[in-house]
Amino acid sequence: RMVMVKQLLINASREGARLAVLPGATNAEVLDRVSNELTAYAVNGVNIQIQPATLTAAAAGTPVTVSLDVEAASVSWIPTPLFSFNQTLRASTTMRKESM
């Protein structure tokens, strides 16, 4: 499950970044896209960060990063893990802002 969730985080960060670099994209749209990607696979409790903080103010060529992290214990299918899930699963994607 942890490997699957890691791959889902990678894919969701890529989907979010791809949307984020389009002209006119907003932070709310990116958050919705990423959340929808993960909710479809029952991955909840994900912290989503977008840099720069305001996409609409970012100039063409600006690096845009979508980063995700989630506590491994919160996505485990094992109710009481036999071993510790003290890890945080992370993924991020960076792309350059496109121009019109």
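Above this text is the structure in question.
Counting of residues starts from 1 at the beginning of each chain's written sequence and follows it residue by residue. In keeping with the predicted nature of the model, local features appear solely for residues at pLDDT of at least 70, side-chain atom pairs appear and are counted solely at 80 or more, and the whole-chain, interface and lining totals rest on all residues. Heavy atoms from the whole structure form the basis of all side-chain values; hydrogens and water molecules are not counted.

**Comments concerning the pattern of salt bridges**
1) Next: Each salt bridge in this description consists of a side-chain nitrogen of Lys or Arg and a carboxyl oxygen of Asp or Glu lying within 4 Å of one another. Counted under the stated rule, the structure contains two salt bridges.
2) Next: When the shortest N-O distance is used, the salt bridge between Arg33 and Glu15 registers 3.7 Å. With Arg33 in helix H2 (residues 27-39) and Glu15 in helix H1 (residues 2-20), this residue pair connects regions lying 18 residues apart in the sequence.
3) Next: Between Glu98 and Arg18 there is a salt bridge, with its nearest N and O atoms 2.6 Å apart. With Glu98 in the segment after strand S3 (88-96) and Arg18 in helix H1, the pair connects residues that are 80 residues apart, well separated along the chain. Numbered from the N terminus, helices here are DSSP runs of H or I no shorter than four residues, and strands are runs of E no shorter than two.

**A look at the packing of H1 against H2**
1) Next: Angles shown run from 0 to 180 degrees and are taken between the N-to-C directions of axes, each axis being a line fitted to C-alpha atoms and, for helices, limited to the stretch in contact. Following both chains from N to C, one finds H1 and H2 inclined at 155°, their axes separated by 9 Å at the closest point. Our classification of the angle between H1 and H2 gives roughly antiparallel. The handedness of the crossing between H1 and H2 is right-handed. Each of Leu8, Leu9, Ala12, Glu15, Gly16, Leu19 and Ala20 in H1 lies in contact with H2, whose residues at this interface are Glu29, Val30, Arg33, Val34, Glu37 and Leu38.
2) Next: Nonpolar residues are Ala, Val, Leu, Ile, Met, Phe, Trp, Tyr, Cys and Pro. Charged residues are Asp, Glu, Lys and Arg, and all others, Gly as well, are polar. Its residues assigned to classes, the contact of H1 with H2 shows eight nonpolar, one polar and four charged. Roughly parallel here means an angle under 35 degrees, roughly antiparallel means over 145, roughly perpendicular means 65 to 115, and every remaining angle is called oblique. By convention the crossing between two helices is left-handed if the near helix lies anticlockwise of the far one by an angle smaller than a right angle, and right-handed if it lies clockwise. The criterion used for residue contact is that any of the two residues' heavy atoms lie within 4.5 Å.

**Observations concerning the side chain of Thr93**
1) Next: Inspection of the secondary structure assignment puts Thr93 in strand S3.
2) Next: Think of it in three bands: with a 1.4 Å probe and only protein chains considered, a residue is buried below 20% of the maximum accessible area for its type, exposed above 50%, and partly exposed in between. A relative accessible area of 13% means that Thr93 is categorised as buried.
3) Next: Polar contacts involving the side chain of Thr93 include one to the main-chain amide nitrogen of Arg14, which spans 3.4 Å.
4) Next: Among all residues touching Thr93, those that are not within four sequence positions of it are Ile10, Ser13, Arg14, Ala17, Val64, Thr65 and Val66. Polar contacts, as counted here, are pairs of nitrogen or oxygen atoms within 3.5 Å of one another; within protein the pair requires one atom able to donate a hydrogen and one able to accept it, and residues that are adjacent in sequence qualify only if both atoms are side-chain atoms.

**So, the sheet that holds strand S2 (residues 63-71)**
1) Next: At least two DSSP bridges between two strands are needed for those strands to be called paired. In spatial order, the strands read S1-S2-S3; together these three strands make up an open sheet with antiparallel pairing. Either end of the sheet is taken by a strand with one partner, and the two such strands are strand S1 (47-51) and S3. Pairs of neighbouring strands in the sheet enclose a mean axial angle of 10°, with direction left out of account.
2) Next: For S2 and S3, the ladder comprises nine bridges, and the chain directions are antiparallel.

**Observations concerning H2**
1) Next: End to end, H2 covers 18 Å across 13 residues, agreeing with the expected 18 Å (1.5 Å per residue, within 8%).
2) Next: Listed in full, the buried residues belonging to H2 are Asn27, Val30, Val34 and Leu38. One face of H2 carries all of its buried residues, which in axial projection span an arc of 65°.
3) Next: Residues of H2 that are buried in the fold lie against H1, S1 and S2. The span one expects for a helix is its residue count, reduced by one, times 1.5 Å. Here the arc refers to the set of directions running from the helix axis out to each C-beta atom.

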